[in-house]
Amino acid sequence: MEKRVVDVVVLSDVHLGTYACRARELLIYLRSIAPRLLILNGDIIDGWQFSKHYFPPDHIQVVQEILHFLSTGTRVIYITGNHDEALRRYAKMQVGNFQLADKALIEINGSMTWIFHGDVFDHTSKNPARIVSRLGSNGYAVLLAFNKMINRISLFFGREKISFAKSVMSQFNKRFVKIENFERLVAGLAIEKKYDCVICGHIHEPQKRTISNEKGSVVYLNSGDWVEHMTTLEYHSNDWHLYTFDQVVEKAERIKKERPKTQVIPVDIDVYLDTRIPRANGTTG
């Protein structure tokens, strides 16, 4: 199967190194795409629950697939999150096609998109609430493991899957994170900065919608997660699209192909793309 060529992929909240991570499904997805720019928007490796006793082969293969992207011309930007906050001390590091950052600003076809993980706008990730948040994260992981066991039993008896974890996460976001306030706070700041789009992760709620206030409007997007929703954001055909993994997707064969390097404008803009410029083969991008 030939890979889908996409301009930009934004992926967040993978939580490699935990039982909750859907690494096998993510690996199928990564092997089905050929992105020009891959943005890892935080919580890719879970430092809160990381253990040297648990990092199975499919988790390692996800890392290898990202390295494969780097080796074949894809630019990769790793934006730090709260679960991988130990990497923040190395922000602004750049090696070849790989860049480590706390946020990124990209211009695509004249549209400005601001990307960051989003935990700085969540009061539950700050002291002293972050202690409770860590405990909640551990409990959530246990609940997910229990949920997987229940679903195996349900499938054995021919019943549909159920998700206790998704319900619990939804209630937590509603009561403590307060998603509506979070989204409006993020959007309001992006409007002040006169950006066209703003992208977050962190709250595990995939979203694409326009948010307006008295100063203007902005397209707010959230890439979701690879724990429950299995979603990413993709930019192609001159627009952002929310992609949801299909459980019946056939595994894609790896097709090695060279992809053009992304042009970069220095100073404020981290990445500049113009997908309207014709390629050598006659397609755009």
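The structure we're discussing is the one just above.
Residues numbered from 1 in each chain as written. Predicted model: local features only at pLDDT ≥ 70, side-chain atom pairs only at ≥ 80, totals over all residues. Heavy atoms only, no water.

A short note on the pattern of salt bridges
Piece 1. Counted by the stated rule, this structure contains 10 salt bridges.
Piece 2. A salt bridge links Arg 209 to Glu 180; the shortest N-O distance between them is 3.4 Å. Taken together, the residues Arg 209 in strand β9 (residues 207-213) and Glu 180 in helix α5 (residues 179-192) connect sequence positions 29 residues apart.
Piece 3. When its relative accessible area of 40% is taken as the criterion, Glu 180 is described as partly exposed.
Piece 4. The partner of Glu 183 in a salt bridge is Arg 209, and the shortest N-O contact between them spans 2.7 Å. Linking Glu 183 in helix α5 with Arg 209 in strand β9, this pair joins segments that are 26 residues apart in sequence.
Piece 5. Taking the relative accessible area as the measure of exposure, Glu 183 reaches 4% and is therefore buried.
Piece 6. Here the salt bridges do not stand alone but share partners, grouping Glu 180, Glu 183, Arg 184 and Arg 209 into one network. (Salt bridge = Lys/Arg side-chain N within 4 Å of Asp/Glu carboxyl O. Helix = DSSP H or I, 4+ residues; strand = E, 2+ residues; numbered from the N terminus. Buried < 20%, exposed > 50% of the residue type's maximum accessible area, 1.4 Å probe, protein only.)

Side note on the nonpolar core
Nonpolar side chains tend to gather and get buried jointly when the protein is soluble and globular.
Piece 1. Counting residues in each nonpolar core, the largest one holds 28 residues, and the members touching the most others are Val 14, Leu 26, Tyr 29, Leu 30, Leu 40, Val 62 and Trp 226.
Piece 2. Considering each element in turn, this core owes the most residues, six residues, to helix α1 (residues 23-30). (Core = buried A, V, L, I, M, F, W, Y, C linked by side-chain atoms within 4.5 Å.)

Focus on α1
Piece 1. Most of α1 is tucked away: seven of the eight residues are buried.
Piece 2. What α1 keeps buried is the set Ala 23, Glu 25, Leu 26, Leu 27, Ile 28, Tyr 29 and Leu 30.
Piece 3. Those residues of α1 hidden inside the fold are in contact with β1 (4-11), β2 (33-41), α2 (57-71), β11 (231-236) and β12 (239-244). (Contact = heavy atoms within 4.5 Å.)

Notes on the side chain of Glu 107
Piece 1. One can find Glu 107 in strand β6 (residues 103-108).
Piece 2. Setting aside chain neighbours within four positions, we find Glu 107 in contact with Met 112, Ile 269, Val 271, Tyr 272 and Leu 273.

Some thoughts on the sheet that holds strand β3 (residues 75-79)
Piece 1. An order of β4-β5-β3-β2-β1-β11-β12 is seen for the seven strands of this open sheet, with the pairing classed as mixed. Every interior strand has two partners, whereas the edge strands, β4 (94-95) and β12, have only one.
Piece 2. Bridging between β4 and strand β5 (residues 98-101) involves two bridges; their strand directions are antiparallel. Across the sheet, residue Val 95 finds its bridge partner in β5, namely Phe 98.
Piece 3. α1 rests against β1, β2, β11 and β12 of the sheet, and its axis sits at about 140° to β1.
Piece 4. α2 rests against β2, β3 and β5 of the sheet, and its axis sits at about 120° to β2. (Pairing = 2+ DSSP bridges. Axes fitted to C-alpha atoms, helices over the stretch in contact; angles between N-to-C directions.)

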